[in-house]
Amino acid sequence: MVSADALLLLRWNANLTRDADGAPLIPPLFVAEQGPAIQIADIRPRDEATGVLGYVPGSVFPGPDALGTLADAAADCPLVIVGATGASAALAARELEVSGLKHVAAMAGGLGAWRGLGLATSRDPAGIRDTLPHAPTRVAMSETLTLEQVREHVGDPQSVRWIKLSSMVAHGHRSCIDGRDDRAVVGSPGGDGGEFLLSLAAIERATGRQLDEATIENGLLAHIDTFGQFYMHTDAHAFDALTAALRSDGRIESAVSGFANVEQWVEFFRHPAPEFQETLLEHLVNPDHIGCGHIRLMLERSDEYGTRAELVRHFLRAFHRLWWKGAPELELTLLPGDHGEGAVVNVRLEDGIWGLSRVPLISPCCGGLQMFVNHPDVASFLRETTVRSLVRGLLPFGVDPEQEGALQIAVDEIAAQQLGATIGALAKGLPIYDVVFATDGSFDVRR
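Described below are features of the structure shown in this document.

For the rest of this paragraph, the subject is the environment of R348. You can see R348 is positioned in strand β11 (residues 341-349). For R348, a relative accessible area of 28% translates into the label partly exposed. Setting aside residues up to four positions removed in sequence, R348 forms contacts with P376, D377, D434, V435, V436 and F437.

Here you go:
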């Protein structure tokens, strides 16, 4: 089975580029999403940390004469070098790579690019660190998370990144609440895929029409034209079941029989030859091959989820068709291992949400356990935005303006129904905490 470390390196390598001099570069948004899975070293003079640009929370300031010590400290974890613009960081990253550090890169564009994406920096001198932190302490996977553990996790600057909501919509995505996605996330059930399916089910309820696959594909294309990045995930269990099924399918086994590693399978799924696509689609809508628990449950228990099973299959086929056609906004992430969530964490903003609100990206990895991370306030705001886009004709689903009220009611009702069903199925018996953030970034954890 694919490990979390292997998948992190797959993501790292997929996002890595090089400048004209061969220095390794990694995008700022990728850095923001990784949380404690990577280390960040800021090579500027320490006094610049409290200046105009601030610093990335959780980064360390080793000083210009101590870069060589980072190679040993970061041997087991990807290391990102940060500077003001990225030029000096690129030179440092190249030097460390030449010295033997395998997974090191400069953050492309430096702090200027980070802030340009709407990502927040800190100027708090109390958060400035000199040395890279130790790996988090592991706990037994059967334990649940206590309120104090959640408070400590959310108070760790490596575990929380802040981004303007408008920037998140333009450049980021909603991840699934699934705790196995170790990146810092804005979470909702099923992520972007679950939210889009929710909209489709609400359209059918409000209009009394059944959407066909062609309409859904056109609607998904219009959706990414309007909202940008679009996230879905599968997992290692579904991945293993799918690859085993393909090896024994006579229509496709000759194309995959020689595959010996994950990279070959990932490349095949990303760029299948046209003659194999219909066969692949048959397998991809099999519940055993769907790695998102929320979307799988929508298919298997469609009545309980307020939707149609065929609607879910239409969406999955449409997603993969557009993915294979090269739609750059679509992302399909492979998550590792088994569920090990120890709590459900609802992330709320005390003063509510508006378009320029800063929202916290929360890492689901907490001391060796995981947590379901749900952002209900962000989800509600974006659902209202989606309804407005539907009735204004931005998506080709034929929703009339006079149906706006009925559509919003359907979205809210189905969303509550689906959240309850998924939490009941995947998080039964777990403690539920509300983390409420104030405007200044302080927070309270409540149960």
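Picking up where we left off.
Quick look at helix α6 (residues 147-154) now. Buried within α6 we find V150, H153 and V154. Seen end-on, α6 carries its buried residues on one side only, within an arc spanning 90°. Facing away from the buried side of α6, by more than 90 degrees, are the exposed residues E148 and E152.

In the contact formed by helix α10 (residues 236-247) and helix α12 (residues 262-270), the axes pass within 12 Å of each other and the chain directions differ by 80°. What the angle tells us is that α10 and α12 run roughly perpendicular. Note on element contacts: α12 touches α10 through V262, W265, F268 and F269, opposite F239, L242, T243, L246 and R247. Considering only residue class, the contact of α10 with α12 consists of seven nonpolar, one polar and one charged.

Looking at the second largest pocket, its volume works out to about 1100 Å³. In terms of lining, the second largest pocket is formed by 41 residues, of which the most central are W323, E331, L332, T333 and L334. Among the secondary structure elements, those contributing two or more residues to the lining of the second largest pocket are α1 (4-15), α2 (28-34), β9 (230-235), α10, α12, α13 (274-284), α15 (309-324) and β10 (330-335). A breakdown of the residues in the lining of the second largest pocket according to their chemical character gives 22 nonpolar, 11 polar and eight charged.

Between helix α9 (residues 213-227) and α15, the least distance of the axes is 9 Å, while the angle of their chain directions is 55°. The orientation of α9 relative to α15 falls into the category oblique. For the pair α9 and α15, the sense of crossing is right-handed. In this structure, α9 contributes E213, I216, E217, L220 and L221 to the contact, and α15 contributes L311, H314, F315, R317, A318, F319, R321 and L322.

Parameters and conventions
Residues numbered from 1 in each chain as written. Predicted model: local features only at pLDDT ≥ 70, side-chain atom pairs only at ≥ 80, totals over all residues. Heavy atoms only, no water. Helix = DSSP H or I, 4+ residues; strand = E, 2+ residues; numbered from the N terminus. Buried < 20%, exposed > 50% of the residue type's maximum accessible area, 1.4 Å probe, protein only. Contact = heavy atoms within 4.5 Å. Arc of directions from axis to C-beta. Axes fitted to C-alpha atoms, helices over the stretch in contact; angles between N-to-C directions. Parallel < 35°, antiparallel > 145°, perpendicular 65-115°, else oblique. Nonpolar A, V, L, I, M, F, W, Y, C, P; charged D, E, K, R; others polar. 1 Å grid on protein atoms, 1.4 Å probe; cavity = no way out; pocket = protein on both sides within 12 Å on 5 of 7 lines; lining within 4 Å. Points joined across faces, edges and corners; volume = space filled by probe spheres on them. Left-handed = near helix turned anticlockwise from the far one by under 90°.

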